[in-house]
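Here is what each chain is made of, one letter per residue.
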Amino acid sequence: QLVESGGGLVQAGGSLRLSCAANSGAFSTTAVGWFRQAPGKERDFVATISWGGRTTSYAECVKGRFTISRSNAESTAYQQMTRLKPDDTTVYYCAASKSIDTSTSTGQYNYWGQGTQVTVSS
């Protein structure tokens with residue numbers, strides 16, 4: 001089970017840090033991804049990190065603004081979001097992969113959190 005937290009309302013240019021807590025020891029053996037989904041749209045890739053944290057990948061629209069990280073000791077992944085824009089407003093989901101390697105595809109992830117809302121006001 002994955003539980004996201006840290007969403008909320010922030011002004012444009014502000015920052016938020018999302019957390020994704022897992023209740024399974026297997027968390028440390030899987031890659032983790034963050035995705036986001038607006039109502040009526042597909043779930044889009046945002047960022048991913050490998051099992052050991054050495055490899056990361058980002059969507060072009062967040063590169064340089066978002067940073068994904070993890071603490072396997074705490075079974076938690078994070079997404080630090082800076083210079084937020086109104087276009088970043090949506091629900092964010094974390095997911096645990098079937099693999100130790102990063103992936104941008106939703107099909108590679110088999111465990112999902114319930115989502116956390118991020119709203120950026122202009």
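Notes on the structure follow. (Residues numbered from 1 in each chain as written. Predicted model: local features only at pLDDT ≥ 70, side-chain atom pairs only at ≥ 80, totals over all residues. Heavy atoms only, no water.)

To continue, consider the side chain of R36. Within the element layout of this structure, R36 appears in strand 4 (residues 32-37). Within the structure, R36 has its side chain in polar contact with the side chain of D88 (distance 3.0 Å). Within the structure, R36 has its side chain in polar contact with the side chain of Y92 (distance 2.8 Å). In contact with R36, other than residues within four places in its own chain, are E42, R43, D44, V46, C61, V62, F66, D88, T90, V91 and Y92. (Helix = DSSP H or I, 4+ residues; strand = E, 2+ residues; numbered from the N terminus. Polar contact = N/O pair within 3.5 Å; in protein donor to acceptor, adjacent residues only side chain to side chain. Contact = heavy atoms within 4.5 Å.)

Next up on the list: the state of the cysteines. Evaluated as defined, the whole model comprises one disulfide. Across a sulfur-sulfur distance of 2.0 Å, C20 and C94 are joined as a disulfide pair. Here the disulfide of C20 and C94 is right-handed, its torsion about the S-S bond being about 65°. One end of the pair, C20, is in strand 3 (residues 16-22); the other, C94, is in strand 9 (residues 90-97), and 74 residues separate them in sequence. Looking at C94, the relative accessible area reads 0%, which means it is buried. (Disulfide = S-S within 2.5 Å. Buried < 20%, exposed > 50% of the residue type's maximum accessible area, 1.4 Å probe, protein only.)

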